[in-house]
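Remarks on the overall topology
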Amino acid sequence: MENTISDILSSYKEQYAKTFPAPGPRLPVALASEQDTMCRLQVLQELYVERRGRRFILDDSTKENIRKVASWLMNSKKRGLLLMGTLGNGKTTMLNSIFRLFGNYKATIGNAQDIFDHFKTTQGSMKYWDEDLLLIDDLGIEPPRCMTFGEENYPLTKLLLHRYDRCLTTVIATNLDLAQLEDRYGDRVTDRLYETFELIVYNNASYRRI
């Protein structure tokens, strides 16, 4: 008697689970609610800005960006978040606020240049690669490649592809647009960004000049 589709599916599911273990939780800790998350992000952004001796401006753009990030945190199934926009409009502030939101839980934050330098100076260290939640600031400011053991390497490209393959949650802030990201990291990376990342575009002008 031929196996039914459900029998075959059940068999393959068992094999698949052994070969490819289910990914961990999307976030390192559960959050209370979308409203609570919005309030916390607003407070954390205000504290971050004031620490730098600046005045926090809660305008419509900032409120909308907070709402969108809170919605991603609470509701999205996508394991990536891409904050994109020009200089000085709050992306780094938001990135640090997301990091602080999880306190001392499993979250790691790093500037793209620092991640590149660490990979280069340690000859290919895997630090940052398997963190449950990784936040990358200023993607695109680092050189595209370096030499390790006489081999040409593309640290940030390899990092992003590695995390995609392992379904790990990544938040990125960048001043590059999608075309520039594709030109710099190739269509393999950007194609996966389209699949697994939610995009929030910061359209407001620089707050540093106010």
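Below is a summary of the structure that appears in this document. (Residues numbered from 1 in each chain as written. Predicted model: local features only at pLDDT ≥ 70, side-chain atom pairs only at ≥ 80, totals over all residues. Heavy atoms only, no water.)

**So, a positive patch on the surface**
Taken together, the side chains of Arg51, Arg52, Arg54, Arg55, Arg100 and Arg208 make up a positively charged region of the molecular surface. In this structure, Arg52 sits in the loop between α2 (34–51) and α3 (60–75). Owing to a relative accessible area of 55%, Arg52 belongs among the exposed residues under this scheme. (Patch = residues over 30% accessible without salt bridge, like charges linked within 9 Å, V, L, I, M, F, W, Y side chains within 5 Å. Areas by Shrake-Rupley, 256 points an atom, 1.4 Å probe, with all protein chains shown as cover. Salt bridge = Lys/Arg side-chain N within 4 Å of Asp/Glu carboxyl O. Lys, Arg positive; Asp, Glu negative; His and termini not counted. Charge placed at Lys NZ, Arg CZ, Asp CG, Glu CD. Helix = DSSP H or I, 4+ residues; strand = E, 2+ residues; numbered from the N terminus. Buried < 20%, exposed > 50% of the residue type's maximum accessible area, 1.4 Å probe, protein only.)

**Examining the sheet that holds strand β2 (residues 108–111)**
Across the sheet, 5 strands lie side by side as β2-β3-β6-β1-β7; this open sheet has parallel pairing. Looking along the sheet, the strands with just one partner apiece sit at the ends: β2 and β7 (197–202). Across this sheet, the average inter-strand angle for adjacent strands is 15 degrees, counted without regard to direction. Across 5 bridges, strand β3 (residues 133–139) lies against strand β6 (residues 169–174) in parallel orientation. What sits directly across from Leu139, in β6, is Thr174. (Pairing = 2+ DSSP bridges. Axes fitted to C-alpha atoms, helices over the stretch in contact; angles between N-to-C directions.)

**Let's talk about the pairing of β6**
Of all 6 residues that make up β6, 6 are buried, and the element is covered over most of its length. Because side chains alternate across β6, one face comprises the buried residues Thr169, Val171 and Ala173, and the other comprises Thr170, Ile172 and Thr174, equally buried.

**Considerations on helix α8 (residues 187–196)**
Those residues of α8 that fall on the buried side of the exposure criterion are Val189, Thr190 and Leu193. Along α8, the residues classed as buried sweep out an arc of 90 degrees about the axis, all on the same side. Along α8, the residues that are exposed and aim more than 90 degrees away from the buried face are Asp187, Asp191 and Tyr194. Where α8 is buried, its residues meet α6 (155–165), α7 (178–185) and β7. (Arc of directions from axis to C-beta. Contact = heavy atoms within 4.5 Å.)

**Thoughts on the packing of α6 against α8**
Relative orientation of the contacting elements α6 and α8 amounts to 40 degrees, with a least axis distance of 10 Å. What the angle tells us is that α6 and α8 run oblique. The handedness of the crossing between α6 and α8 is left-handed. Residues Thr157, Leu160, Leu161 and Tyr164 of α6 form the contact with α8, whose participating residues are Arg188, Val189, Arg192, Glu195 and Thr196. Considering only residue class, the contact of α6 with α8 consists of 4 nonpolar, 2 polar and 3 charged. (Parallel < 35°, antiparallel > 145°, perpendicular 65-115°, else oblique. Left-handed = near helix turned anticlockwise from the far one by under 90°. Nonpolar A, V, L, I, M, F, W, Y, C, P; charged D, E, K, R; others polar.)

**Observations concerning the side chain of Thr37**
Of note, Thr37 is situated in helix α2. A distance of 2.7 Å separates the side chain of Thr37 from the backbone oxygen of Ser33, its partner in a polar contact. Apart from the residues lying within four places of it in its own chain, the contact partners of Thr37 are Leu31, Ala70, Leu73, Met74 and Leu101. (Polar contact = N/O pair within 3.5 Å; in protein donor to acceptor, adjacent residues only side chain to side chain.)

Note that all results are geometric; they support no functional claim without further evidence.
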